[in-house]
Amino acid sequence: METLDIKLPQMALLYGLCLLPWFLLWLIGLRLSRDIGIGILRMSIQLALVGIYLKALFDLNNPWLNGLWILVMLLVADLSILRRAGLKTRYFMLATFIAIATSILLSTAYLVILVIQPTHFYDARYIVPLAGMILGNCLQGNVIALERFYSTLRKNENEYTTFLMLGATRWEAVRPYFREAVKAAINPTIAGMATMGLVSLPGMMTGQILGGSEPWLAVKYQIAIMICIFTSTTIASIINLKLSLAIAFNAFDVLRDEVIKKP
Amino acid sequence: MLPIIRFDQVSVTAHGKSILSDVSFALFAGEKAMLCGKSGSGKSSVLRTLLGLHPLKSGTVYFQEQPLTPESVQFIRSCTAYIGQEPILGAESVREALLLPFQFKTHRDHRPTQAQLTEVLQRLQLPEDILNRDSSRISGGEKQRIALARGLLLGKKLYLLDEVTSALDAESKQVVFDVFSDPQLTVLSVAHDPEWMERCGSVYELEAGRLTQVKRNGNS
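Thresholds applied
Residues numbered from 1 in each chain as written. Chains lettered and ligands numbered in written order. Predicted model: local features only at pLDDT ≥ 70, side-chain atom pairs only at ≥ 80, totals over all residues. Heavy atoms only, no water. Phe/Tyr/Trp six-rings, centres within 6.5 Å; stacked < 30°, edge-to-face > 60°. Helix = DSSP H or I, 4+ residues; strand = E, 2+ residues; numbered from the N terminus. Buried < 20%, exposed > 50% of the residue type's maximum accessible area, 1.4 Å probe, protein only. Lys NZ or Arg CZ within 6 Å of the ring centre and 35° of its normal. Contact = heavy atoms within 4.5 Å. Buried area = accessible area lost by both parts, 1.4 Å probe. Salt bridge = Lys/Arg side-chain N within 4 Å of Asp/Glu carboxyl O. Polar contact = N/O pair within 3.5 Å; in protein donor to acceptor, adjacent residues only side chain to side chain. Pairing = 2+ DSSP bridges. Axes fitted to C-alpha atoms, helices over the stretch in contact; angles between N-to-C directions. Domains from an automatic or database assignment. Parallel < 35°, antiparallel > 145°, perpendicular 65-115°, else oblique. Left-handed = near helix turned anticlockwise from the far one by under 90°. Nonpolar A, V, L, I, M, F, W, Y, C, P; charged D, E, K, R; others polar.

Participant: Help me get a handle on the packing of aromatic side chains, residues and values and all.
Facilitator: Applying the stated rule across the entire model yields 14 aromatic pairs over all chains. Between the aromatic rings of tyrosine 160 of chain A and phenylalanine 249 of chain A, the centroid separation amounts to 5.8 Å while the plane-to-plane angle is 45°, which identifies the pairing as tilted. Taken as a pair, tyrosine 160 of chain A in helix 7 (residues 157–165) and phenylalanine 249 of chain A in the segment after helix 10 (215–248) lie far apart in primary sequence, 89 residues in all. Neither tyrosine 160 of chain A nor phenylalanine 249 of chain A differs from the other in exposure class; each is buried. A network of ring pairs unites the aromatic residues Phe92, Phe149, Tyr150, Trp171 and Phe178 of chain A as a single cluster. The lysine or arginine in question, lysine 242 of chain A, covers the ring of tryptophan 171 of chain A, its NZ or CZ lying 3.8 Å from the ring centre. If you follow arginine 6 of chain B out to its NZ or CZ, it ends over the ring of tyrosine 62 of chain B, 4.3 Å from the centre.

Participant: For the interface of chain A and chain B, give the residues involved together with the corresponding values.
Facilitator: Listed as interface residues are 17 residues of chain A and, on the opposing side, 25 residues of chain B. Of all residues in chain A, Met165, Leu166 and Phe252 of chain A give up the largest surface area on contact with chain B, accounting jointly for 41% of the area buried on that side. At the surface where chain A touches chain B, the tally comes to one salt bridge. Residue aspartate 253 of chain A pairs with arginine 77 of chain B through a salt bridge whose shortest N-O separation is 3.3 Å. Viewed at the interface, chain B and chain A are joined by eight residue pairs in polar contact (both at pLDDT 80 or more). Sorting elements by how many residues they give to the side of chain A that touches chain B places helix 7 of chain A first, with seven residues.

Participant: Tell me about the sheet that holds strand 2 (residues 17–28) of chain B, and please be specific about residues and values.
Facilitator: Residue and element names in this part refer to chain B. Taken in spatial order, the four strands of this open sheet run 2-1-4-5, and their pairing is antiparallel. Each edge of the sheet is formed by a strand with only one pairing partner; in this case those strands are strand 2 and strand 5 (66–67). Judged from the two bridges that link them, strand 4 (residues 56–63) and strand 5 form a sheet pairing that is antiparallel. Its bridge partner lying in strand 5, tyrosine 62 is registered against proline 67. Its contacts with the sheet place helix 1 (residues 43–50) against strand 1 (3–14), strand 2 and strand 4, and it is angled at close to 110° to strand 1.

Participant: Quick one: what's the story with the domain arrangement of chain A, residue by residue and with numbers?
Facilitator: Many structure descriptions define interface size as the accessible area lost when the parts assemble. Residues and elements named next belong to chain A. With domains assigned, chain A is organised as domain 1 (1–60) and domain 2 (62–259). Taking only C-alpha atoms into account, the centre of domain 1 sits 30 Å from that of domain 2. Listed by partner, the interface residues are seven residues for domain 1 and 10 residues for domain 2. Carbon and sulfur atoms supply 69% of the area buried between domain 1 and domain 2, which totals about 770 Å² over both sides.

Participant: Describe the packing of helix 4 (residues 63–85) of chain A against helix 6 (residues 124–155) of chain A, and please don't skip the residues or the numbers.
Facilitator: Helix packing for two helices is described by the angle between their axes and how far apart those axes are. Residues and elements named next belong to chain A. The contact between helix 4 and helix 6 brings their axes to 9 Å, and the two run at 15°. With respect to their mutual orientation, helix 4 and helix 6 come out roughly parallel. Note on packing geometry: the crossing formed by helix 4 with helix 6 is right-handed. Across the interface between the two elements, Asn66, Trp69, Ile70, Met73, Leu74, Ala77, Ser80, Ile81, Leu82, Arg84 and Ala85 of helix 4 pack against Ala124, Ile127, Val128, Ala131, Gly132, Leu135, Leu139, Gln140, Asn142, Val143, Leu146 and Glu147 of helix 6. Among the residues making up the contact of helix 4 with helix 6, the classes are represented as 16 nonpolar, five polar and two charged.

Structure (structure tokens):
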């Protein structure tokens, strides 16, 4: 069963649908034409570029090229995590990279090599979408973990110092904030698993069904991806926070001001 | 006798601003000393510097004649009790707050018995049922006495007090003064209290980060 193609005239028809919300927004006095235009244009160009790139990736199916793609994604995710968490890239770049690379490679390799077992483990059709989805979710988790940890620590600096004064090591003193940050990072994934399928059909499953897969197969892949997202988010946020502890404090266990971006 | 604390020409800057300049003094075991001066003169910074919370620009801080370094800071902290105006108890109930430091590896083997808890509460004239009270529902003065109790349970000998007497009523003040009349305990305090000043062997005055006046045993 092949998915039906959307031909060019139909594609134009599709864009035409935007005229309806645009008209409604105009009617209620919201002048968003510019934003809408930019949004639709950017989406189209970016996805077209991804399309061209993915097409090449799939046609060549070269292990090195696939690896390079994953590397680039990891680097982009690294920068994006630190920017959104409000930490300075030059201090934490390596730590965050190690954390996400370890967890993504581990969970993707586990899923592809041990569970799915394609003829070639580097098959772009599997590793590209799976690693990408896992990474996307892992990224959210790491932003929450870092942001929450350092903002809570700064808010509770007196409490943290009190713990130090009472004989705690740096690790003992940060542990309550560490636990809270990891919990905040993985909670959305746990909650997502608990309500999966009730509220809406998960994106990947929908895609597979549209792509012609049996619903059962789509369900199994959805479970696989959720377990991998949960695993990699947990591992990455723990490694990331743990590595950052060695960077963010001075030798006297005081949080260094210069590692955090000024708001 | 060697001093327990010695500041040797210590200067400290924080955020590009000088907060202590060329501060030198020594404190001997059992001594009670007081730092006074206007707010912002650097009194609390002296205490914080000793605890390694401000990086030194120049000079050396000695604790038992060992210089303050990243290696020695944990030892210094473990010998010292810092009690501020509104100490942070760091736990849900008062009992948990008192036992909090005994979760840490350094103190794990010295967990106090119920009898020791009762004794220290009595010494500070705190009712025994305070143990089960919620940390958020006790007054500033009680918090200070609990922080002090925690220091006593840890067997600390050096107490850094930051504006402690201001939150205490007359009766609790007396209790705290009596505790510190113990010649084994060394106290470095930031205070304005005249009664406390009388009990202090040394009084140092700070102005804009400089030690401007030193009184020893009441004499200038």
